[in-house]
Each structure stands twice: as C-alpha cells, then as structure tokens.
Amino acid sequence: MGKRLVVNHRWCKGCGICVAFCPKEVLAMKNDKIQIADESKCIRCGQCELRCPDYAIFLEDVINKTTEEAQ
C-alpha cells in the first residue's frame, strides 16, 4: 500500500510553509495556493503535512484494489 499527496485548496491560506519545508521541491505556489508541481519527486517524508497549520495538505493511503479484494 502506497501513499499519495492530497491538497485541500479550500483550507489552504497560501502561507507557503509546506513549499519551504519540502526537501524535493514537489510543491509550488500558484494563484496564492499550493499546487503539486511534480509528485513523482515526492519521497513521502510528510514534512508538508507536519508543517501545515491548516491541515490543507496530507498523505493519504492508496488502497490497491487487488489487495483489498483478496481480504
């Protein structure tokens, strides 16, 4: 089971803290909100989620359907 990066744009106030703490420059600011610029560079370290004061970005479990069906 992997994880994917999720952004709740309604909660994002555009402070840029997550962008500043991302060690792989996965995030960028666009129109005063964060955007996922290149998720393929994401190492799932969770720094963005940890630092966001508004819980607007987080790592979400990706459920593999074949694994789920086998259970």
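Residues numbered from 1 in each chain as written. Predicted model: local features only at pLDDT ≥ 70, side-chain atom pairs only at ≥ 80, totals over all residues. Heavy atoms only, no water.

**Remarks on the pattern of salt bridges**
- Taken as a whole, this structure holds four salt bridges when the rule is applied.
- The residue arginine 4 makes a salt bridge to glutamate 60 at a minimum N-O spacing of 2.7 Å. One end of the pair, arginine 4, is in strand 1 (residues 2-7); the other, glutamate 60, is in strand 4 (residues 57-62), with 56 residues separating them in the sequence.
- Judged by its relative accessible area of 40%, arginine 4 is partly exposed.
- Since its relative accessible area comes to 29%, glutamate 60 is described here as partly exposed.
- Lysine 13 serves as the salt-bridge partner of aspartate 54, at 3.5 Å between the closest nitrogen and oxygen. Highlighted residues: aspartate 54 in the loop between helix 2 (47-51) and strand 4 and lysine 13 in the loop between strand 1 and helix 1 (17-21), separated in sequence by 41 residues. (Salt bridge = Lys/Arg side-chain N within 4 Å of Asp/Glu carboxyl O. Helix = DSSP H or I, 4+ residues; strand = E, 2+ residues; numbered from the N terminus. Buried < 20%, exposed > 50% of the residue type's maximum accessible area, 1.4 Å probe, protein only.)

**Points about the packing of aromatic side chains**
- Summed over all chains, the structure comprises zero aromatic pairs.
- Between arginine 51 and the ring centre of phenylalanine 21, over which it is positioned, the NZ or CZ distance is 4.2 Å. (Phe/Tyr/Trp six-rings, centres within 6.5 Å; stacked < 30°, edge-to-face > 60°. Lys NZ or Arg CZ within 6 Å of the ring centre and 35° of its normal.)

**Section: the pairing of strand 2 (residues 27-30)**
- Direction of pairing for strand 2 relative to strand 3 (residues 33-36): antiparallel, over a ladder of four bridges. Each bridged residue has a counterpart across the sheet, and for leucine 27 the counterpart in strand 3 is isoleucine 36.
- Two successive antiparallel strands, strand 2 and strand 3, enclose a turn made up of two residues, where asparagine 31 displays a positive phi of approximately 55°. (Pairing = 2+ DSSP bridges.)

**Re the environment of tyrosine 55**
- For tyrosine 55, the position within the fold is in the loop between helix 2 and strand 4.
- The spatial distance from the C-alpha of tyrosine 55 to the C-alpha of valine 7 is 9.0 Å, given a sequence separation of 48 residues.

**Here we look at the nonpolar core**
- By size, the foremost hydrophobic cluster in this structure holds 14 residues, and its most contacted members are Leu5, Cys18, Val26, Leu27, Ile34, Cys48 and Ile57.
- At the level of elements, strand 1 and strand 4 are the ones that each hand at least two residues to this core. (Core = buried A, V, L, I, M, F, W, Y, C linked by side-chain atoms within 4.5 Å.)

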